[in-house]
Amino acid sequence: MRNSTAITEFILLGFPGIQGLQVPLFIVIFFIYILTLAGNGLIIAIVWAEPRLQIPMYFFLCNLSFLEIWYTTTVIPKLLETFVVARTVICIPCCLLQAFFHFFLGTAEFLILTVMSFDRYLAICKPLRYPTIMTSKLCLQLALGSWVVGFTIVFCQMVLLIQLPFCGNNVINHFYCDVGPILKAACTDTSILELLGLLATILVIPGSLLFTMVSYIHILSTILRIPSATGRQKAFSTCASHMTVVSLLYGAVLFMYLRPSAHSSFKINKVVSVLNTILTPLLNPFIYTIRNKEVKGALRKSHICNLHHSSGQRWILNPPSKARD
């Protein structure tokens, strides 16, 4: 144990080199956060309100949207605080709790995306057997399994992490409680935790990416064998949104973790973390609705129903003069 004073709180630096831009950044990120909550919440509401959308693909999409809502909520409020408070302090239990939910929800998101790729594989490569394989029971098991596995992987590491004593430097050069800076503040050997973290990262990120890539190799091979151009386009459109989201998420994560670790690159990693934490959850609702005719149709139907409902209320409150006569 190092000969240092025990600490009870951490200080989040955020982005110290943006003097004069705190207020504009606060407004922009707060607006993005509200849009993210509204967009993902709208997808959940539409899917559960429209019977035609209550199929496996949209069930998993609801899980993804729910994850995105809480994933951003674990980080953005504290990030906004770093823009308005000169010294952003977070207690050690709060910091560990934030780290737990951040990595638990992030891990579950990778697993849900992997499950979604498996669903698309069955729908395109095994269309005749798809209804009998992808039953409601299996959908629930796959979604619940993603949540449980993500929780278990992170919880096992967190049990060891909360037992560590912390001393010395309590400054975290980030806008949220990342595990790396937390381990650096520990007063004892953390090699076991670092090894567990490495194994979990390899299992979740490259493992899920490999499964997704294999699924899409089979999907693309099947699509190319479809004789009609219309059939190929229709089959490709059912998985284009998922491919876009997967590319954004894995691209950002691989950029952060496969770059050589250097102090100069950490600032870039923080920027990529902002994009991964804020931009990707914001884009998901737009990606899944812009190219999706079923979701757009449900949105139009909901809008028309609201208009008819409003017109009916106005008719009741203000009937025409002839009707009153």
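Here is what the cut-offs are and how they apply
- Residues numbered from 1 in each chain as written.
- Predicted model: local features only at pLDDT ≥ 70, side-chain atom pairs only at ≥ 80, totals over all residues.
- Heavy atoms only, no water.
- Patch = residues over 30% accessible without salt bridge, like charges linked within 9 Å, V, L, I, M, F, W, Y side chains within 5 Å.
- Areas by Shrake-Rupley, 256 points an atom, 1.4 Å probe, with all protein chains shown as cover.
- Salt bridge = Lys/Arg side-chain N within 4 Å of Asp/Glu carboxyl O.
- Helix = DSSP H or I, 4+ residues; strand = E, 2+ residues; numbered from the N terminus.
- Buried < 20%, exposed > 50% of the residue type's maximum accessible area, 1.4 Å probe, protein only.
- Axes fitted to C-alpha atoms, helices over the stretch in contact; angles between N-to-C directions.
- Parallel < 35°, antiparallel > 145°, perpendicular 65-115°, else oblique.
- Left-handed = near helix turned anticlockwise from the far one by under 90°.
- Contact = heavy atoms within 4.5 Å.
- Pairing = 2+ DSSP bridges.

Participant: Describe a nonpolar patch on the surface, listing the residues and the values that go with them.
Facilitator: The grouping of Leu160, Ile192, Leu195, Leu196, Leu198, Leu199 and Ile202 at the surface amounts to a nonpolar patch, some 630 Å² of accessible area in total. Ranked by residues supplied to the nonpolar patch, first place goes to helix H8 (residues 191-224) with 6 residues. On the accessibility criterion, Leu196 (33% relative accessible area) is partly exposed.

Participant: I'd like a rundown of the pattern of salt bridges, residues and numbers included.
Facilitator: Under the criterion given, the structure shown has 3 salt bridges. Arg52 is paired through a salt bridge with Glu50; the nearest N and O atoms lie 3.3 Å apart. Residue Glu50 is classed as buried on the basis of its relative accessible area of 8%. Here Lys78 makes a salt bridge to Glu81, at a shortest N to O gap of 3.0 Å. With Lys78 and Glu81 both in helix H3 (residues 76-84) and 3 residues apart, the pair spans about one turn of that helix.

Participant: So what's going on with the packing of helix H1 (residues 22-49) against helix H2 (residues 56-73)? Residues and values would help.
Facilitator: With their axes 9 Å apart at the nearest point, H1 and H2 run at an angle of 155° to one another. In terms of axis orientation, H1 runs roughly antiparallel to H2. In this structure, H1 meets H2 at a crossing whose hand is left-handed. Contact with H1, carried on its side by Tyr33, Thr36, Leu37, Asn40, Gly41, Ile43, Ile44, Val47 and Trp48, involves Tyr58, Leu61, Cys62, Ser65, Phe66, Glu68, Ile69, Thr72 and Thr73 of H2 and no other residues of that element.

Participant: Please provide a residue-by-residue account of the pairing of strand S2 (residues 88-91), values included.
Facilitator: Burial of S2 is one-sided: the residues Thr88 and Ile90 facing one way are buried, the residues Val89 and Cys91 facing the other way are not. With 4 bridges joining them, strand S1 (residues 9-12) and S2 adopt antiparallel strand pairing. Among the inter-strand pairings, Leu12 is bridged to a residue of S2, identified as Thr88.

Participant: Tell me about the environment of Thr190, residues and numbers included.
Facilitator: By the element assignment, Thr190 lies in the loop between helix H7 (179-184) and H8. Assessed through its relative accessible area of 9%, Thr190 is described here as buried. With 30 residues separating them along the chain, Thr190 and Leu160 place their C-alpha atoms 9.6 Å apart. Beyond its immediate chain neighbours, meaning those up to four positions away, Thr190 contacts Leu164 and Leu183.

From the geometry alone we can't say anything about function, so treat these as descriptive.
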